Amino acid sequence: MSGSPPGLDLPALQRFFDARVPDAGTVRAELMHGGRSNLTYRVTDGTRAWVLRRPPLGGLTPSAHDMGREYRVVDALQDTAVPVARTVALCADESVIGVPFSLVAHVDGTVVRSRDDLAPYTRDEIERCAYGLVRTLAALHAVPYAEVGLGDFGRPEGYLGRQVRRWRDQWSRVATRDLPDVDALHARLAEAVPGESGASIVHGDARIDNAILDAADIGRIRALVDWEMATLGDPLADLGLHLVYRDPAFEPVLAAGAASVSERMPTADALAECYARASGRDLGDLGFYLALGYFKIAVIAEGIHARHLQGLTVGQGFDTVGAAVPALAAAGLRTFSGRKVP
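All of these numbers come straight from a predicted model, not from anything done at the bench.

### Some points on the confidence of the model for the protein
Stage number 1. The predicted model of the protein averages 91 in pLDDT, with 93% of residues at 70 or higher.
Stage number 2. Note on residues 60–64: pLDDT under 50 across the span, and 14 contacts to partners over four residues away in sequence or across chains.

Below you can see the structure in the form of structure tokens.
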């Protein structure tokens, strides 16, 4: 690692480390895999390592990239049953490197992103990983959010209706084309909003590649990461999105064959049953939450596609994302026609 990676002023960061991180040496940094939204860097002084997160180079959906909120929820979860990285510092002063950023300790482990990443593991290991992630999601939803200082972190009442409206508004910001299925899916969701199933911290993007796994036992989750969409809301929205990631329609959003859609993973029905057992929650309205998940991912994918068309993405694998949007919208509509969990 040498020089400043894209989107990061390394000399300015060094000055920050000198002032704010005790006993830090000369730091180097590299852009880590991922970063479809907030950019993620591994920073090291040769002895210790940290992870720095900053907003994306393009700002089409600014509300999704609030660094302070992301840092706050991770900080609040430090002493709970939810595994997270150790928080180090939050810098809201844009004069330091040009944007706000957060800094947490690097968590050693492995990240499973692709089918190839799953190849070394047995079916039993993969199932323990998948079910372990679902149980971690249930543990997150059981955290008493007011007691950990997050009582004002969101407005659980009316969350589902706001989500439908929010992602329709985001679509209007990022859309690069007319897609009638997106409009139809929004209309169906707006008509079908149920009462909230409950209130909890929601991660907002819980999938297998947003977890750091123990390298010696992938059934052990060492940390959930990428909390930029976290808020207070309906926990089943988290579950619905997690299950949608199991659908092959999601695959073009991630390069190299997304692990979550692998046929070696448990079915979405099995994952839903695991969550129901772990959480004790009623999944009677799961179809709505699935449709909302499809809608949300479709809009996010279109935002990534829009940034790619403008030359504002960093890294590889963005050229396939746009193709996922029509398929995701169509899949969401099918959930209203009695389609089972993918």
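Now that the structure has been shown, we can carry on.
### Looking at the nonpolar core
Stage number 1. Core analysis: the biggest nonpolar cluster contains 85 residues, and Val73, Leu77 and Trp227 have the highest contact counts within it.
Stage number 2. Sorting elements by how many residues they give to this core places helix α9 (residues 286–309) first, with 13 residues.
Stage number 3. Ignoring anything within four residues of it in the chain, the contact list for Val73 reads Leu150, Phe153, Ile201, Trp227 and Ala230.

### Some remarks on the environment of Gly317
Stage number 1. Looking at where Gly317 falls in the secondary structure, it is placed in the loop between α9 and α10 (321–335).
Stage number 2. Among the residues examined, Gly317 registers a relative accessible area of 16% and is labelled buried.
Stage number 3. Sequence-wise, Gly317 and Gly287 are 30 residues apart; in three dimensions their C-alpha atoms are separated by 31 Å.

### Focus: the sheet that holds strand β2 (residues 39–44)
Stage number 1. The strand order across the open sheet built from 5 strands is β1-β2-β3-β5-β4, with neighbouring strands paired in antiparallel fashion. Edge strands, defined here as strands with exactly one partner in the open sheet, are β1 (28–31) and β4 (87–91). Taking each pair of neighbouring strands and ignoring which way they run, the sheet shows an average axis angle of 20°.
Stage number 2. In this sheet, β2 lies alongside β1 in antiparallel orientation, the contact comprising 4 bridges.

### Quick notes on the packing of aromatic side chains
Stage number 1. For the coordinates displayed, the defined rule picks out 5 aromatic pairs.
Stage number 2. Arranged with centres 6.5 Å apart and planes meeting at 75°, the rings of Phe16 and Phe17 form a pair that is edge-to-face. Judged on exposure class, the residue Phe16 and its partner Phe17 are both buried.
Stage number 3. Each ring, one from Phe16 and one from Phe101, has its centre 5.0 Å from the other, and the planes form 75°; the classification is edge-to-face. Here Phe16, found in helix α1 (residues 10–20), pairs with Phe101, found in strand β5 (residues 101–105); they are 85 residues apart in sequence, far enough to count as distant. Note on accessibility: Phe16 and Phe101 belong to one class, buried.
Stage number 4. Members of the aromatic cluster, connected to one another through ring pairs, are Phe16, Phe17, Trp50 and Phe101.
Stage number 5. Positioned above the aromatic ring of Phe153 is the side chain of Arg69, whose terminal nitrogen or guanidinium carbon lies 3.9 Å from the ring centre.
Stage number 6. Its guanidinium or amino end placed over the ring of Tyr245, Arg207 lies 5.4 Å from that ring's centre, counting from NZ or CZ.

### Here's the deal with unusual backbone geometry
Stage number 1. Even without glycine at this site, Asp23 takes up a positive phi of about 65°.
Stage number 2. Even without being glycine, Asp226 reaches a positive phi, approximately 60°.
Stage number 3. Tracing the chain through its elements places Asp226 in the loop between β8 (217–224) and β9 (231–233).

### Thoughts on helix α7 (residues 235–244)
Structurally, the α-helix is built with 3.6 residues per turn, so residues lying three or four positions apart point the same way.
Stage number 1. Of all 10 residues that make up α7, 10 are buried, and the element is covered over most of its length.
Stage number 2. Of the residues making up α7, those classed as buried are Pro235, Leu236, Ala237, Asp238, Leu239, Gly240, Leu241, His242, Leu243 and Val244.
Stage number 3. Buried residues along α7 sit against α4 (123–142), α5 (159–174), β6 (200–202), β9, α8 (268–279) and α9.

### Thoughts on the packing of α7 against α8
Stage number 1. Two elements in contact, α7 and α8, have axes separated by 10 Å at closest approach and are oriented at 155°. In terms of axis orientation, α7 runs roughly antiparallel to α8. In the packing of α7 onto α8, the handedness of the crossing is right-handed. Contacts between α7 and α8 involve Pro235, Leu236, Leu239, His242 and Leu243 from the first element and Ala268, Leu271, Ala272 and Tyr275 from the second.
Stage number 2. Considered class by class, the residues forming the contact of α7 with α8 number 8 nonpolar, 1 polar and no charged.

Analysis parameters
Residues numbered from 1 in each chain as written. Predicted model: local features only at pLDDT ≥ 70, side-chain atom pairs only at ≥ 80, totals over all residues. Heavy atoms only, no water. pLDDT = per-residue confidence, 0-100. Contact = heavy atoms within 4.5 Å. Core = buried A, V, L, I, M, F, W, Y, C linked by side-chain atoms within 4.5 Å. Buried < 20%, exposed > 50% of the residue type's maximum accessible area, 1.4 Å probe, protein only. Helix = DSSP H or I, 4+ residues; strand = E, 2+ residues; numbered from the N terminus. Pairing = 2+ DSSP bridges. Axes fitted to C-alpha atoms, helices over the stretch in contact; angles between N-to-C directions. Phe/Tyr/Trp six-rings, centres within 6.5 Å; stacked < 30°, edge-to-face > 60°. Lys NZ or Arg CZ within 6 Å of the ring centre and 35° of its normal. Parallel < 35°, antiparallel > 145°, perpendicular 65-115°, else oblique. Left-handed = near helix turned anticlockwise from the far one by under 90°. Nonpolar A, V, L, I, M, F, W, Y, C, P; charged D, E, K, R; others polar.

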